[in-house]
Amino acid sequence: MIEQAMSSAISLKQVEKKFPPNIQALDAIDLEVADGEFVVVVGPSGCGKTTLLRLIAGLEEPTRGSILLFGSDASVLSPGQRDLGMVFQNHALFPHLSVFENLAYGLRARRVSKAEISSRIDSVARKLNVFDLLKRKPSQLSGGQRQRVALGRLLARDPKIRLFDEPLGSLDPQFRNGMRGELARLHLENQRTTLYVTHDQTEAMTLGQRICVLKEGKLVQQGSPEEIYECPAHRFVAEFFGSPGAHCFEGMMERGDPEGLCFSSGSIRLSLPAKDGLIGSVTLALRPENWFIEPPEKAALGAQVRRVENLGDHRLIEVCAEGRPIVVKTYFSGIRPNETIGLSPLWEEAHWFDSITGERIEPIRIPPIR
Ligand code: ATP
């Protein structure tokens, strides 16, 4: 009884999926999703996101490892026996059925009474603002409206587990923001276990209570959005999150002259505010907001401004420093293309990674100086 109460809604242990002839889509995945939790799995195209959902839904079988749903071995449950619903990028609505019939389909299949179907569809259609569209066919709806109906179908059935596969991928950015807000609100109202996959780091950061980062079939980090952004476990995570992500310098940590430490990468040489630390090859990652803009004579690095992108409250400055393109985020409005500016790293915010494995390391201790 106690074990049942403590078990996760979704539990994957050492799950592997290989497709013939020898495609390793997923490798040794350990993942626990608590009842009611909203977890986002994020990663680039081909990293195994859809495969992960299909395994949980029972549309594929793992090559190795086990999947438990609310503590029960999923391998003995057919897709229909798993109490879950899926929303895809391409809506997958029945084109010949009206919106009402599309919403009712899953309920009829489960022999829900007519009165109950009407009442649930009424409530969901009002919630998702598709009430006036109930008589239309999918071809008479906009992309955003179709996606609302696909979501409505899931909400009307209200399965214990919700699986989303890039549900906002086909919407234009303006609708995407609205739907993102709506999904977050719906989860707050009715906290069902949700696994949401996307390649969009903004969606992951804004929706996920927890984010799992997938790279080439492996989970490289799991954590809260803050942990993922502020403490990336892998170089890939630092480069993937942010708009744009961190810029990585592959280089060498050496003893400074006459003392301290110096990091060099190509013709860039940066003195560090640390007395000692790990010497050798290392990767430095700095985010666009991890630079001070200073007069060139005072700064660690001189840079030529190539382009200034005005994003309202802040600007992204594309510069060239020692032949390297870097993006710097600033709230200054006075910077113009072609001028020379000085840049100094905000060392307390820098991330360091092993040059071979890409894993996070702490080669130096930076005292908080500013
Ligand atoms: P995307 O974001 O482009 O949809 P994804 O992260 O969802 O990608 P998957 O669709 O899970 O990635 O695919 C993971 C890997 O497995 C890819 O290399 C893909 O080509 C391969 N793959 C997926 N399904 C099959 C299949 N049925 N047969 C063979 N290979 C497959």
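So, here is what we can say about the structure in this document. Please read these numbers as outputs of a predicted model, since none were measured by experiment.

**Regarding the sheet that holds strand 5 (residues 72-73)**
Hydrogen bonds along the backbone pair up the strands of a sheet, which may run parallel or antiparallel. On the basis of which strands lie adjacent, the open sheet formed by 4 strands has the order 2-1-4-5 and antiparallel pairing. On the outer flanks of this sheet lie strand 2 (23-33) and strand 5, each paired with one strand and no other. Pairing of strand 1 (residues 10-19) with strand 2, which is carried by 7 bridges, proceeds in the antiparallel orientation. Paired with Lys 18 across the strands is Gln 24, a residue of strand 2. On the sheet, helix 2 (residues 49-57) packs against strand 1, strand 2 and strand 4 (64-69) and is oriented at approximately 115° with respect to strand 1.

**Some thoughts on the nonpolar core**
Ranked by internal contacts, the top residues of the largest apolar core, which has 40 residues, are Leu 151, Tyr 196, Val 213 and Phe 241. Taken together, the elements giving at least two residues each to this core come down to strand 3 (38-42), helix 3 (99-109), helix 4 (114-127), helix 5 (143-157), helix 6 (173-189), helix 7 (201-207), strand 9 (210-215) and helix 9 (235-240). Counting residues per element, this core draws most heavily on helix 5, which supplies 6 residues. In contact with Leu 151, not counting residues within four places along its chain, are Val 87, Leu 128, Phe 164, Met 179, Leu 183 and Leu 186.

**Considering helix 4**
Over its 14 residues, helix 4 extends 20 Å from the first C-alpha to the last, a length consistent with the 20 Å expected when each residue adds 1.5 Å. Among all positions of helix 4, only Ile 117, Ile 121, Val 124 and Ala 125 are buried. Buried residues in helix 4, looked at end-on, bunch into an arc of 95°, giving them a common side. Close packing links the buried residues of helix 4 with helix 3 and helix 5. Asn 129 sits one or two residues past helix 4 and shows a positive phi near 60°.

**Things to note about the sheet that holds strand 10 (residues 218-223)**
Read across the sheet, 6 strands follow the order 6-7-8-3-9-10 without closing on themselves; strand pairing throughout is mixed. Edge strands, defined here as strands with exactly one partner in the open sheet, are strand 6 (84-88) and strand 10. Averaged over all pairs of adjacent strands, the angle between their axes in this sheet comes to 15°, without regard to strand direction. As paired strands, strand 9 and strand 10 are joined by 5 bridges and run antiparallel to one another. By the bridge assignment, Ile 211 is partnered in strand 10 with Gly 223.

**With respect to empty space enclosed by the protein**
Space left empty within the atom packing is revealed by a probe, the size of a water molecule, rolled over the atoms. Under the criterion given, the structure shown has 2 cavities of 30 Å³ or more. Lining the largest cavity are Phe 38, Leu 151, Leu 155, Arg 162, Phe 164, Leu 183, Leu 186, His 187 and Thr 194. Only helix 5, strand 7 (161-165) and helix 6 provide two or more residues apiece to the lining of the largest cavity. Among the elements that make up the lining of the largest cavity, the one with the highest residue count is helix 6 (3 residues).

**Points about the site of the ligand**
Surrounding the ligand, one finds Phe 19, Ile 23, Ala 25, Pro 44, Ser 45, Gly 46, Cys 47, Gly 48, Lys 49, Thr 50, Thr 51 and Glu 166. Gly 46 has a polar backbone atom sitting 2.8 Å from an oxygen atom of the ligand. The contact in question runs from an oxygen atom of the ligand to an N or O atom on the side chain of Thr 50, over 2.8 Å. Protein burial of the ligand: of its 640 Å² of free accessible surface, 59% is covered by the chains. At the level of secondary structure, the elements contributing two or more residues to the shell around the ligand comprise strand 2 and helix 2. Looking at which element gives the most residues to the shell around the ligand, the answer is helix 2, with 3 residues. Tallied by class, residues from the shell around the ligand come to 5 nonpolar, 5 polar and 2 charged.

**Description of the pattern of salt bridges**
Scanning the model with the defined rule gives 22 salt bridges in all. Note that Arg 360 is salt-bridged to Glu 362, the shortest N-O span being 3.1 Å. You can call Arg 360 partly exposed: its relative accessible area is 23%. Among the residues examined, Glu 362 registers a relative accessible area of 58% and is labelled exposed. One connected set of salt bridges, linked through shared partners, spans Lys 17, Arg 54 and Glu 60.

**Examining the packing of aromatic side chains**
Geometry of an aromatic ring pair is reported as the spacing of the ring centres plus the angle between the planes. By the definition in use, this model includes 8 aromatic pairs. Judged by centre distance (4.5 Å) and plane angle (50°), the ring pair of Phe 94 and Tyr 105 falls under tilted. With Phe 94 in the loop between strand 6 and helix 3 and Tyr 105 in helix 3, this pair connects stretches of sequence that are 11 residues apart. Note on Phe 94: relative accessible area 28%, which makes it partly exposed. One aromatic cluster is present, built from ring pairs that chain together Phe 38, Phe 164 and Tyr 196. Between Arg 126 and the ring centre of Phe 131, over which it is positioned, the NZ or CZ distance is 4.0 Å. The side chain of Arg 287 reaches across the aromatic face of Tyr 229, ending 3.8 Å from its centre.

Cut-off values and rules
- Residues numbered from 1 in each chain as written.
- Predicted model: local features only at pLDDT ≥ 70, side-chain atom pairs only at ≥ 80, totals over all residues.
- Heavy atoms only, no water.
- Pairing = 2+ DSSP bridges.
- Helix = DSSP H or I, 4+ residues; strand = E, 2+ residues; numbered from the N terminus.
- Contact = heavy atoms within 4.5 Å.
- Axes fitted to C-alpha atoms, helices over the stretch in contact; angles between N-to-C directions.
- Core = buried A, V, L, I, M, F, W, Y, C linked by side-chain atoms within 4.5 Å.
- Buried < 20%, exposed > 50% of the residue type's maximum accessible area, 1.4 Å probe, protein only.
- Expected span 1.5 Å × (residues − 1).
- Arc of directions from axis to C-beta.
- 1 Å grid on protein atoms, 1.4 Å probe; cavity = no way out; pocket = protein on both sides within 12 Å on 5 of 7 lines; lining within 4 Å.
- Points joined across faces, edges and corners; volume = space filled by probe spheres on them.
- Near = heavy atom within 4 Å.
- Polar contact = N/O pair within 3.5 Å; in protein donor to acceptor, adjacent residues only side chain to side chain.
- Areas by Shrake-Rupley, 256 points an atom, 1.4 Å probe, with all protein chains shown as cover.
- Nonpolar A, V, L, I, M, F, W, Y, C, P; charged D, E, K, R; others polar.
- Salt bridge = Lys/Arg side-chain N within 4 Å of Asp/Glu carboxyl O.
- Phe/Tyr/Trp six-rings, centres within 6.5 Å; stacked < 30°, edge-to-face > 60°.
- Lys NZ or Arg CZ within 6 Å of the ring centre and 35° of its normal.

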